[in-house]
Amino acid sequence: MNGPDFPPKNLVLIGFMGCGKSTVGRELHRRLHYPLVDTDHEIEARAGMPIKEIFAGAGGEPEFRGMETQLLRELVAGVDADGGDRRIVSTGGGICGSAENRGLLRRLGYVVWLHAPVEVIIERTSKNQERPLLNTGDPAARIRTLMKEREPLYRETAHLDIDTSGLDFKEISVGILESARYFFTSRL
Ligand code: S3P
C-alpha cells in the first residue's frame with residue numbers, strides 16, 4: 001500500500017475543530033513517511049506566535065485567514081511546479097470558509113473530510129482552551145452554529161468523507177489510504 005508511487009499527490013485533511021485531523025495526519029505521516037504540514041503549526045511558526053495571539057492582534061481573524069490562503073497558494077504552487085508533491089496536509093477547521101481556499105484544497109490533492117457528531121466535538125474541544133473561536137460564554141452553541149454553516153462547505157470540498165465516530169485513528173488512516181489508492185490509480 002505504501003510503495004514509492006503511492007499516492008502521487010498530497011493527502012489533505014479537512015474538518016471541524018476536534019475531529020482528529022492532527023492525530024490522523026501524524027498517523028498517515030508515520031505510515032507513508034511523507035512530510036506532514038499542519039497549517040496551524042506552519043502559520044504559528046511564520047507569525048512567531050500562537051493562533052490565539054494572531055486572532056487577538058491588530059489584524060484579528062482576517063489576518064489569520066489571509067495567512068491560511070497564502071500558505072495554500074504556496075503548497076499548490078509546489079504541486080503545479082513538479083506535478084508530484086507528496087505531503088500530508090492537515091488543516092485548520094475554518095479553512096473551507098473561502099471559495100478560493102476550497103478550490104486550492106482540491107487542487108492540492110485528495111481531500112478527506114473527517115467528521116463526528118456535534119456532541120463528540122463539544123466533548124473533545126472542551127479539553128483545550130487554545131481555540132479563539134470557542135473562547136465564548138457558550139462554546140457548545142458556537143460549535144453548533146459553526147458546524148451548520150460549515151458542513152456544506154466541507155462536503156463541497158471533499159473527495160471522501162469519513163464518520164470518525166466508533167473508529168480509532170489507525171482504522172481511519174487505513175480507510176483513507178485504501179480509498180486514496182483507488183482514487184489515484186483510477187486516474188492514472
Ligand atoms: C479554527 C480551527 C483551528 C485554528 C483556528 C481557527 C476554525 O484549527 O485553525 O483556531 O476556524 O475552526 P483546528 O481545527 O485544528 O482546531
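Peer 1: When you look at the overall build of the chain in this model, what are you seeing that I'm missing?
Peer 2: Along the backbone of the chain there are 8 helices and 5 strands. In the chain, the order of α-helices and β-strands from amino to carboxyl end is β-α-β-α-α-α-β-α-β-α-α-β-α. The proportion of buried residues among the 188 residues of the chain is 43%. Mean positive and mean negative side-chain charge positions of the chain (25 and 27 charges, respectively) differ by 3 Å.

Peer 1: What's the story with the side chain of Arg-102 in this structure? I'm lost.
Peer 2: When you line up the elements, Arg-102 lands in helix H5 (residues 99-108). In this structure Arg-102 comes out as buried when scored by relative accessible area, which is 13%. Among the polar contacts listed, one links the side chain of Arg-102 to the side chain of Glu-156, at a separation of 3.0 Å. Contact partners of Arg-102, with chain neighbours within four places excluded, come to Cys-96, Gly-97, Leu-153, Glu-156 and Thr-157.

Peer 1: I keep staring at the sheet that holds strand E1 (residues 10-14) and nothing clicks. Help me out?
Peer 2: Neighbouring strands of a sheet are bound in pairs by backbone hydrogen bonds; such pairs are parallel or else antiparallel. With respect to topology, 5 strands assemble into an open sheet ordered E2-E3-E1-E4-E5, the strand pairing being parallel. Across the chains shown, the open sheet's two edge strands, defined by having one partner strand only, are strand E2 (36-38) and strand E5 (160-163). On average, adjacent strands in this sheet sit at an angle of 20° to one another, irrespective of strand direction. Bridging between strand E4 (residues 109-115) and E5 involves 4 bridges; their strand directions are parallel. Bridged to Trp-113 within E5 is Asp-161. Of the strands in this sheet, E1, E2, strand E3 (88-90) and E4 are in contact with helix H1 (residues 21-32), which crosses E1 at around 165°. Where helix H8 (residues 169-185) meets the sheet, it contacts E1, E4 and E5, and its direction lies at approximately 145° from that of E4.

Peer 1: I would appreciate a short explanation of unusual backbone geometry in the present structure.
Peer 2: Only a minority of non-glycine residues have a phi that is not negative, and only a minority of peptide bonds are not trans. One non-glycine residue, His-33, adopts positive backbone phi at about 65°. Tracing the backbone shows His-33 in the loop between H1 and E2.

Peer 1: I tried to follow the pattern of salt bridges on my own but got confused; where do I start?
Peer 2: Pairs can form between side chains of opposite charge whenever their charged atoms are close. For the structure shown, the criterion picks out 12 salt bridges. A salt bridge links Arg-46 to Glu-42, with the shortest nitrogen-to-oxygen separation between them at 2.8 Å. Placement of the pair is Arg-46 and Glu-42 together in helix H2 (residues 39-47), with a separation of 4 residues, close to one helical turn. With its nearest N and O atoms 2.7 Å apart, the salt bridge here joins Glu-74 to Arg-46. You can see Glu-74 sitting in helix H4 (residues 60-82) and its partner Arg-46 sitting in helix H2, a full 28 residues away along the chain. Members of the salt-bridge network, linked through shared partners, are Glu-27, Arg-30 and Arg-31.

Peer 1: So what exactly am I meant to see when it comes to the layout of surface pockets here?
Peer 2: Gaps between atoms show up when a probe of the same size as a water molecule is rolled over them. The computed volume of the largest pocket comes to approximately 740 Å³. What lines the largest pocket is a set of 36 residues, among which Met-17, Gly-18, Ser-22, Asp-40 and Arg-131 lie closest to the centre. If you list the elements that add at least two residues to the lining of the largest pocket, you get H1, H2, helix H3 (51-56), H4 and H8. In terms of residue count, H1 provides more of the lining of the largest pocket than any other element does, 4 residues in total. Along the walls of the second largest pocket sit 14 residues, with Asn-128, Gln-129, Arg-131, Leu-134 and Asn-135 positioned nearest its centre.

Peer 1: How should I be thinking about the packing of H5 against helix H7 (residues 139-157) in this particular structure?
Peer 2: A packed helix pair is summarised by two numbers, namely the angle formed by the two axes and the spacing between the axes. It is the contact of H5 with H7, at a shortest axis distance of 9 Å, that shows an interaxial angle of 35°. Relative to H7, H5 is oriented so that their crossing is right-handed. Residue-level inspection shows Arg-102, Leu-105 and Arg-106 of H5 in contact with H7, the latter providing Leu-153, Glu-156 and Thr-157. A per-class count over the contact of H5 with H7 returns 2 nonpolar, 1 polar and 3 charged.

Reading the values: rules and limits
- Residues numbered from 1 in each chain as written.
- Predicted model: local features only at pLDDT ≥ 70, side-chain atom pairs only at ≥ 80, totals over all residues.
- Heavy atoms only, no water.
- Helix = DSSP H or I, 4+ residues; strand = E, 2+ residues; numbered from the N terminus.
- Buried < 20%, exposed > 50% of the residue type's maximum accessible area, 1.4 Å probe, protein only.
- Lys, Arg positive; Asp, Glu negative; His and termini not counted.
- Charge placed at Lys NZ, Arg CZ, Asp CG, Glu CD.
- Polar contact = N/O pair within 3.5 Å; in protein donor to acceptor, adjacent residues only side chain to side chain.
- Contact = heavy atoms within 4.5 Å.
- Pairing = 2+ DSSP bridges.
- Axes fitted to C-alpha atoms, helices over the stretch in contact; angles between N-to-C directions.
- Salt bridge = Lys/Arg side-chain N within 4 Å of Asp/Glu carboxyl O.
- 1 Å grid on protein atoms, 1.4 Å probe; cavity = no way out; pocket = protein on both sides within 12 Å on 5 of 7 lines; lining within 4 Å.
- Points joined across faces, edges and corners; volume = space filled by probe spheres on them.
- Left-handed = near helix turned anticlockwise from the far one by under 90°.
- Nonpolar A, V, L, I, M, F, W, Y, C, P; charged D, E, K, R; others polar.

Function-wise, these values are silent; they only describe arrangement.
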